[in-house]
Amino acid sequence: MTVAIYPAHLNPVTKAHVEIINELKSQNNVRVLPVIFMSDGKEINSRSFPFSFELRKKMLTAVFGDSISVLSNYTFYAPFAKYMPPMLSPFSWKIKKQILDGVDTDYFTYTGDKAEGFVLKLYGLNPRIGKRKETSASYVKQKMFDSALVKETNWEDYVEPEVVKIIHDNWEVVKKFASSEDQTYRVLGMKFPSIGFW
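What counts as what
Residues numbered from 1 in each chain as written. Predicted model: local features only at pLDDT ≥ 70, side-chain atom pairs only at ≥ 80, totals over all residues. Heavy atoms only, no water. Helix = DSSP H or I, 4+ residues; strand = E, 2+ residues; numbered from the N terminus. Buried < 20%, exposed > 50% of the residue type's maximum accessible area, 1.4 Å probe, protein only. Lys, Arg positive; Asp, Glu negative; His and termini not counted. Salt bridge = Lys/Arg side-chain N within 4 Å of Asp/Glu carboxyl O. Polar contact = N/O pair within 3.5 Å; in protein donor to acceptor, adjacent residues only side chain to side chain. Contact = heavy atoms within 4.5 Å. 1 Å grid on protein atoms, 1.4 Å probe; cavity = no way out; pocket = protein on both sides within 12 Å on 5 of 7 lines; lining within 4 Å. Points joined across faces, edges and corners; volume = space filled by probe spheres on them. Nonpolar A, V, L, I, M, F, W, Y, C, P; charged D, E, K, R; others polar. Pairing = 2+ DSSP bridges.

Caption draft 1: Molecular detail of the side chain of Arg-47. Of note, Arg-47 is situated in the loop between strand 4 (42–43) and helix 2 (53–64). The charged side chain of Arg-47 is buried without a salt bridge, its nearest counter-charge being Asp-182 at 5.8 Å. Within the structure, Arg-47 has its side chain in polar contact with the side chain of Gln-142 (distance 2.8 Å). A distance of 3.1 Å separates a polar side-chain atom of Arg-47 from the backbone oxygen of Phe-177. Sequence-distant contacts of Arg-47, defined by excluding residues within four places in its chain, comprise Lys-141, Gln-142, Phe-145, Phe-177, Ala-178, Ser-179, Ser-180, Glu-181 and Asp-182.

Right, here's the structure in full:
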């Protein structure tokens, strides 16, 4: 069976992500790779990337059980600038090796972002570019932050009940980043934390 590799932020896991993964797993073995940014042995979390890999894995497992694989193969290590420019930096090629670790059959990568799809194609990662879903994780995340700032929102409507519970159980994470500034660089369709970039 073909392996569908889905590298994504998943901050948080939304109903749109669940829909994508369900579509992928109907005909493929699915490997979900939540992106991780590491510096000095610790994961970097920020307003753009509030939930740790372990929490995002817990969200995915709560919805899908063991019907998909959730792997840490999509990890960037500070300073993130060393991955630039893509194609020319040897570190950028290490990411391809990480993504394909353990894949020994036909595969494709999935993205809903055309710029990211272009980069995946440059690396020979056989991208399939899907149609962007109407509701983005950024939209849902902003609604969560507004809720943490005591504004009435309907963020829970965009997230599976199992994930809502995990987020509520870890609400201090949402509160921590709700009023912080966004510290993100966007490079060729990819977001990086500004902390640890240089």
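Caption draft 2: Local environment of the environment of Ile-99. Structurally, Ile-99 can be placed in helix 3 (residues 90–99). Exposure remark for Ile-99: the relative accessible area of 2% places this residue in the buried category. For the pair formed by Ile-99 and Leu-71, sequence separation is 28 residues and the distance between their alpha carbons is 9.2 Å. Those residues in contact with Ile-99 that sit more than four places away from it in its chain are Ile-5, Arg-31, Leu-33, Asn-73, Tyr-74 and Leu-125.

Caption draft 3: Just the layout of surface pockets, in detail. In this structure, the largest pocket spans a volume of roughly 580 Å³. Elements with a contribution of two residues or more to the lining of the largest pocket: strand 1 (3–8), helix 1 (15–25), helix 5 (137–148) and strand 10 (190–193). In the lining of the largest pocket, the residues fall into 11 nonpolar, 10 polar and eight charged.

Caption draft 4: How the structure looks around the sheet that holds strand 3 (residues 36–39). Ordered by their spatial adjacency, three strands build an open sheet running 4-3-6, and the pairing between neighbours is mixed. Each having just a single partner strand, strand 4 and strand 6 (75–77) make up the two edges of the open sheet. Judged from the two bridges that link them, strand 3 and strand 4 form a sheet pairing that is antiparallel. Paired with Met-38 across the bridge in strand 4 is Glu-43.

Caption draft 5: Representation of empty space enclosed by the protein in the model. In the structure shown here, the tally under the stated rule is one cavity of 30 Å³ or more. Taken as a whole, the largest cavity encloses approximately 270 Å³ of empty space. Residue lining of the largest cavity: 18 residues in total, with Tyr-74, Phe-76, Ile-95, Val-119 and Tyr-123 positioned closest to the centre. Every element with two or more residues in the lining of the largest cavity is listed here: helix 3, helix 4 (114–122) and strand 10.

Caption draft 6: Up close: the pattern of salt bridges. Summed over the entire model, instances satisfying the criterion amount to six salt bridges. Ionic pairing is found between Asp-169 and Lys-165, a salt bridge with its closest N-O pair at 2.9 Å. You can see Asp-169 and its partner Lys-165 sitting in helix 6 (residues 161–169), four residues apart, about one turn around the helix. By sharing partners, the salt bridges in this structure join Glu-19, Glu-23 and Lys-133 into a single network.

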